[in-house]
Amino acid sequence: MVEDRKDDDGFDSEARRILRSLPVPEFAPIRPARRDFLRRGLAVAAGLATLGAAGWVTASYAATPRIVRLSAAHGAAEATLRGVLVPDMAPVLQALSLPADQRFPGILQLCKNCAIGPYPAWHIDAFMDDLGTVQVFVFRAPVPDASGHGWWLGQHWRFLPASGRFPVLLLADHEPALEAMAARLRQPS
């Protein structure tokens, strides 16, 4: 065992004073590398998802005919209108090759003269029982690219085969409603 010396107290106090006067280094905050990896991974994933969504919207936009996009925008703008706003339904029914004494398929909610971009058209909204609403656009002028069918931003669309001189476009939120209207408006060949 070592004996205590009287001068040890002075030595200890001097050592403590020197240690207190030494500069203390600032340590950088310690973060596990895992968090940086997760943040970077999440940023990369969000970027790829954004690019993918933008690519899908662009491809969908390019694949959808311009007249369909114009008609969908027009239909959304007139979604709250109701009533038969044409003086006579006979020309509309004749353009659809329906007999003048036949009722329009479904429950007629709107029929009016419109202009879809540069093309004059009749805009008809009809509710198909238990299936939903179908918008029918009967164009009164030739429309380029008036053929095909598809889906764009929540709406199904289809051009009816043109046996007459008027192209007919159907728009609906639900495909069964569109199919039911197309079956009832099929032009005899």
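Residues numbered from 1 in each chain as written. Predicted model: local features only at pLDDT ≥ 70, side-chain atom pairs only at ≥ 80, totals over all residues. Heavy atoms only, no water.

Take the state of the cysteines next. Evaluated as defined, the whole model comprises zero disulfides. With no disulfide of its own, C111 lies 8.9 Å from the sulfur of C114, the closest cysteine sulfur. (Disulfide = S-S within 2.5 Å.)

Here the focus is unusual backbone geometry. You will see that S97, though not glycine, has its phi angle at about 60 degrees, which is positive. Relative to the helices and strands, S97 resides in the loop between α4 (90–95) and β2 (107–116). Even without being a glycine, L153 presents a positive backbone phi close to 45 degrees. Mapped onto the secondary structure, L153 falls in the loop between β5 (149–152) and β6 (155–159). (Helix = DSSP H or I, 4+ residues; strand = E, 2+ residues; numbered from the N terminus.)

Turning to the packing of aromatic side chains, a few remarks are in order. Going through the model one piece at a time under the given rule, you end up with three aromatic pairs. Considering the side-chain rings of W122 and F166, the 6.3 Å spacing of their centres and the 65 degrees angle between planes classify their relative orientation as edge-to-face. Here F166 lies in the loop between β6 and β7 (168–172) and W122 lies in strand β3 (residues 119–128), a separation of 44 residues in the sequence. When its relative accessible area of 10% is taken as the criterion, W122 is described as buried. Residue classification places F166 among the buried residues on the basis of a relative accessible area of 16%. Here the guanidinium or amino end of R140 rests over the ring plane of W122, the centre of that ring lying 4.7 Å away. (Phe/Tyr/Trp six-rings, centres within 6.5 Å; stacked < 30°, edge-to-face > 60°. Buried < 20%, exposed > 50% of the residue type's maximum accessible area, 1.4 Å probe, protein only. Lys NZ or Arg CZ within 6 Å of the ring centre and 35° of its normal.)

In this section: the nonpolar core. Formed by 27 residues in total, the largest nonpolar core has its most connected members in L96, F104, V136, V138, L170, M181 and L185. When residues of this core are traced back to their parent elements, those giving at least two are α4, β3, β4 (132–139), β7 and α5 (175–185). Top element by residues in this core is α5. It accounts for six residues. Non-local contacts of F104, meaning those with residues more than four positions away in its chain, are made with L93, L96, L98, I124, A126, V136, M181 and L185. Among the nonpolar cores identified, the runner-up in size contains 15 residues, and A72, V143, W157 and L169 belong to it. (Core = buried A, V, L, I, M, F, W, Y, C linked by side-chain atoms within 4.5 Å. Contact = heavy atoms within 4.5 Å.)

A word on the sheet that holds β6. The strand order across the open sheet built from seven strands is β1-β2-β3-β4-β7-β6-β5, with neighbouring strands paired in mixed fashion. Every other strand in the sheet has two partners, leaving β1 (83–84) and β5 as the edge strands with one partner each. In this sheet, β3 lies alongside β2 in antiparallel orientation, the contact comprising nine bridges. For L110, the partnering residue across the bridge sits in β3 and is D125. (Pairing = 2+ DSSP bridges.)

Residues A177, L178, A180, M181, A182 and L185 constitute the buried set of α5. Considering only its buried residues, α5 is in contact with β3, β4, β6 and β7.

In this section: the side chain of Q155. Mapped onto the elements of the fold, Q155 is located in strand β6. Not counting chain neighbours up to four residues away, the residues in contact with Q155 comprise A72, G150, L171, A172 and D173.

Okay, the pattern of salt bridges next. All told, the structure shown has three salt bridges when counted by the stated rule. Close ionic contact of K112 with E78 constitutes a salt bridge, the shortest N to O distance being 2.8 Å. With K112 in strand β2 and E78 in the loop between α3 (66–77) and β1, this pair connects stretches of sequence that are 34 residues apart. What makes E78 buried here is its relative accessible area of 10%. R158 serves as the salt-bridge partner of E179, at 3.2 Å between the closest nitrogen and oxygen. One end of the pair, E179, is in helix α5; the other, R158, is in strand β6, with 21 residues separating them in the sequence. (Salt bridge = Lys/Arg side-chain N within 4 Å of Asp/Glu carboxyl O.)

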